[in-house]
Amino acid sequence: MELSGGQILVECLKAEGVDVVFGYPGGAVLHIYDALFQQEQVKHVLVRHEQGAVHMADGYARATGKPGVVLVTSGPGATNAVTGIATAHMDSIPLIVITGQVPTTLIGNDAFQEVDNVGITRPCVKHNFLVKDVRDIAITMKKAFYIATTGRPGPVVVDIPKDVTDPRVMIPFDYPASVSLRSYHPTVKGHTGQIRKAIDLIINAERPIIYSGGGVILGGASSQLTRFARLLNYPITNTLMGLGAYPASDRQFLGMLGMHGTYEANMGMHHCDVLIAIGARFDDRVTGNLAKFCPTAKIVHIDIDPASISKNVVVDVPIVGSIKSVLEDMLPLIEEAGGAKQPEALTAWWAQIAQWRDMRCLDFKTNGDVIKPQYVVQKVWEITQGDAYVTSDVGQHQMWAAQYYGFDKPNRWINSGGLGTMGFGLPAALGVKFAYPDEEVVCVTGEGSIQMCIQELSTALQYHLPVKVVSLNNRYLGMVRQWQEFFYSGRYAMSYMEALPDFVKLAESYGHVGMRIEKASDVEGALREAFAMRDRLVFMDFQTDPTENVYPMVPAGAGLNEMILV
Amino acid sequence: MRHIISILMENEAGALSRVAGLFSARGYNIESLCVAPTVDETLSRMTLVTRGDEQIIEQIIKQLNKLIDVVKVQDMADAPHIERELMLIKVQALDNSRNEVYRLAEIFRGQIIDVSESSYTIQMVGPGHKLDAFLNALGAIPVVEIVRSGALGIARGPRGMAVPEA
Ligand SMILES: Cc1cc2nc3c(=O)[nH]c(=O)nc-3n(C[C@H](O)[C@H](O)[C@H](O)COP(=O)(O)OP(=O)(O)OC[C@H]3O[C@@H](n4cnc5c(N)ncnc54)[C@H](O)[C@@H]3O)c2cc1C
Ligand SMILES: Cc1ncc(C[n+]2csc(CCOP(=O)(O)OP(=O)(O)O)c2C)c(N)n1
Ligand SMILES: [Mg+2]
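These figures come from a predicted structure and were not determined experimentally.

A. Just the coordination of the magnesium ion (ligand 3), in detail. Residue and element names in this part refer to chain A. Protein coordination of the magnesium ion (ligand 3) is provided by Glu447 (OE), Glu447 (OE), Asn474 (OD1) and Tyr476 (O), with donor distances spanning 2.1 to 2.6 Å. Coordination geometry of the magnesium ion (ligand 3): the 6 donor atoms subtend angles of 51 to 177° at the metal centre, consistent with an arrangement described as irregular. Linear spacing of the donor residues for the magnesium ion (ligand 3) on their chain is E-x26-N-x1-Y. Taken together, the residues glutamate 447 in the loop between strand S17 (441-445) and helix H17 (456-462) and asparagine 474 in the loop between strand S18 (468-473) and helix H18 (478-487) connect sequence positions 27 residues apart.

Right, dumping it as structure tokens:
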């Protein structure tokens, strides 16, 4: 059968099992849209801004583990997508972003809506392609999916000039069953010798701690991680990206670590003798001052990307491989060796940890009927029985969501950690809801962030994606205000939100339900009412304490043991 | 430490910009960079000279390997190797300095490849430090123009840099 380039592209998506594309049309991709229109298998969600499309695909990918797919036009369509692409890149999320390009004959001529997509996106993708011939579409798409989803995942951009999808040019279509690249062979299996060395260090530890991250979720290895931690009875902390990889309600869990991590997690890190890093990349928000980081620790690091190892912190036993495979190899060996070898030291270590826990660093003061943002998150957890998919934007509300919504399952906490992109939360929530229409999906946001992609409320109506928006409205760019309070003597330069819209009316004008909640005593009732409206998007505007801060906090330049507690 | 790094890459449009972009984005330094096709026309070979401590060089090599188009990376410092660079240099050669330039070129085994009334153009091949030594030796004699290829490196012994077996 002979097909056009546009049709071939759609067939490639079908062959990869893609059920939805998030996108926005324009001149350079019209042939592709025409091909999409003439079939039903691959659905299309029309967004209101291309950044929203990429975040939606990203939310979809984070929740399902499958790659998200985006289709945008050339020029402004592609540049609008860049923030979303960079967001996915920093958090290693698999995406296929198809961008339109001007016809090959016009490339380089400053043609209408021409930008160098490959050049612009190069630093924020795992890889990108320019397809110059219709005969290359199928193999390029095969490679794109392969690269995006294997090894350390990431976004791949496929730039397609308009003439390459010309409906008058028909060629035979054949989708390759597999692909191999001589220049790309991600290591999956860990080195046996390194694994043995690591186990020796691990089982003989006296003050061990497991520090695990987003890699566990990306690699679908949370059950292996859980077995590993339980077998050893070692304390475990997660990064912001790793939350849910180990059940938060478990006794061995110390909470998140890092800048806004718990006292027990950060003290445990600082005083440990063996640090077991699993799928975490020693980000500066986690390590604090590198010179003061884990001063007494030997470090084991499991990561699929050799470049993550010894980048910021030099480690003693590196293991390159997928977490799933490495832990599967380790578990029987640890069992054979009889588990942890220092029971007395471990008992003393747990006693020390119990003392740190007694600081109850996440307790917060209530103040009459003023709504405390932490309280709202706690109530959302209660009402959704800790089982919702929670997306967030960026700022204080993000940290409160991370600290107070205890995630017991992986893939349920969806936020922009590496790039910290305000505007991520709402579109990401819509992407999740598209994947799981029967699940509860909550977007925790702030009045600043929500306005960066607010237009997607319209998409939510069109495609009937009834998520719940929990806006912790402190009338401040709160995270900025907090830094100004602590480090700029309270000079609040441009961190105050004036002229806010009436969010209730705004939600209503988009065809949704809006609620304003002003008193702590109304929080629970309002949440129950909102969550009872199963098939409506409800925008809850909580007027929270304007000057509440996120604690604990490790100030920039400090060590993890130097936290501000309240 | 100065390192010569050899890279085999897919001979695709934009391959060079991926390497150059990596170096500028991560703040690594490039002293010289040289790219040309190999016998296998699907590959191109890049030789670059950079500086950094051990940890930085290790990151550079890992980051290069991470580029999808990179087939193989080799740090020449890991094994005995030969370094060569080509320099074309146009030197003022007037009455009083003409003989001196000629003699220096001989000593450094350069070849005079172009002559005018007031200049000699010399071609010289060698490791970078030898070319630097020649420039030093010229002393006060004015240099009109200089072009250098950047260093190339090749390992000693029978084995070549090849595409790794899958
Ligand atoms: C306002 C704000 C505050 C923040 N505060 C904190 C904070 O207090 N604490 C905190 O932790 N973070 C915080 N962050 C997030 C921080 O910026 C980083 O995004 C985060 O710490 C990185 O998490 P990670 O180390 O788990 O790495 P990720 O970015 O999730 O990277 C995953 C790692 O796992 C590896 N990997 C991927 N797949 C596999 C696999 N299958 N097998 C093996 N390895 C794999 C990757 O190569 C990579 O090294 C904050 C962000 C914002 C915006
Ligand atoms: C696109 C973007 N611009 C700027 C920032 C810097 N920034 C980080 S948090 C923040 C304030 C967010 O305000 P809001 O959404 O109201 O959340 P709050 O901190 O008040 O909970 C800003 C401006 C960012 N992360 N992203
Ligand atoms: Mg705010």
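Okay, back to it.
B. Here's a closer look at the site of ligand 1. Residues and elements named next belong to chain A. The full set close to ligand 1 counts 35 residues, and Gly214, Thr239, Arg281, Asp303 and Ser308 are the nearest of them. With respect to ligand 1, the side chain of arginine 281 contributes an N or O atom lying 2.7 Å from an oxygen atom. Take aspartate 283: an N or O atom from its side chain is 3.4 Å from an oxygen atom of ligand 1. When contributions to the shell around ligand 1 are tallied by element, the ones reaching two or more residues are helix H8 (214-218), helix H11 (284-287) and helix H15 (396-404). Per-element accounting of the shell around ligand 1 gives the leading share, 3 residues, to H8.

C. Up close: the site of ligand 2. Residue and element names in this part refer to chain A. In the vicinity of ligand 2, 17 residues are found, and the nearest of them are Gln396, Gly420, Ser449, Tyr476 and Gly478. Glutamine 396 is positioned with one of its backbone polar atoms (N or O) 2.8 Å from an oxygen atom of ligand 2. At 3.2 Å, a side-chain N or O of glutamate 447 approaches an oxygen atom of ligand 2. Protein contacts shield 76% of the accessible area of ligand 2, which totals 590 Å² for the unbound molecule. When residues of the shell around ligand 2 are traced back to their parent elements, those giving at least two are H15 and H18. The biggest single contributor to the shell around ligand 2 is H18, with 3 residues. Of the residues in the shell around ligand 2, the class split is 7 nonpolar, 9 polar and 1 charged.

D. Focus on the state of the cysteines. Residue and element names in this part refer to chain A. Summed over the entire model, instances satisfying the criterion amount to 0 disulfides over all chains. Its sulfur unpaired, cysteine 124 is 16 Å from the next cysteine sulfur, which belongs to cysteine 453. Classification of cysteine 124 by relative accessible area gives buried; the value is 11%. This cysteine, cysteine 272, is not joined by any disulfide, and cysteine 294 carries the nearest cysteine sulfur, 4.5 Å off.

E. Broad picture of the pattern of salt bridges. All names here are of chain A. Counted according to the given criterion, the structure contains 37 salt bridges over all chains. We note a salt bridge from arginine 62 to aspartate 58, for which the minimum N-O separation is 2.4 Å. One end of the pair is arginine 62 and the other is aspartate 58, both in helix H3 (residues 50-64) and 4 residues apart, which spans about a single turn. The burial state of arginine 62 is the same as that of aspartate 58; both residues are buried. We note a salt bridge from lysine 379 to glutamate 524, for which the minimum N-O separation is 3.2 Å. Of this pair, lysine 379 sits in helix H14 (residues 373-383) while glutamate 524 is found in helix H20 (residues 520-532), placing the two residues 145 residues apart along the sequence. Taking relative accessible area as the criterion, lysine 379 reaches 11% and is therefore assigned buried. Put simply, Lys379, Glu382, Glu524 and Arg528 are held in one network by salt bridges that share partners.

Definitions and limits used
- Residues numbered from 1 in each chain as written.
- Chains lettered and ligands numbered in written order.
- Predicted model: local features only at pLDDT ≥ 70, side-chain atom pairs only at ≥ 80, totals over all residues.
- Heavy atoms only, no water.
- Donors = N, O, S within 2.8 Å, 3.2 Å for Na, K, Ca; no water.
- Tetrahedral: all angles 85-135°; square planar, octahedral: opposite > 155°, others 65-115°.
- Helix = DSSP H or I, 4+ residues; strand = E, 2+ residues; numbered from the N terminus.
- Near = heavy atom within 4 Å.
- Polar contact = N/O pair within 3.5 Å; in protein donor to acceptor, adjacent residues only side chain to side chain.
- Areas by Shrake-Rupley, 256 points an atom, 1.4 Å probe, with all protein chains shown as cover.
- Nonpolar A, V, L, I, M, F, W, Y, C, P; charged D, E, K, R; others polar.
- Disulfide = S-S within 2.5 Å.
- Buried < 20%, exposed > 50% of the residue type's maximum accessible area, 1.4 Å probe, protein only.
- Salt bridge = Lys/Arg side-chain N within 4 Å of Asp/Glu carboxyl O.

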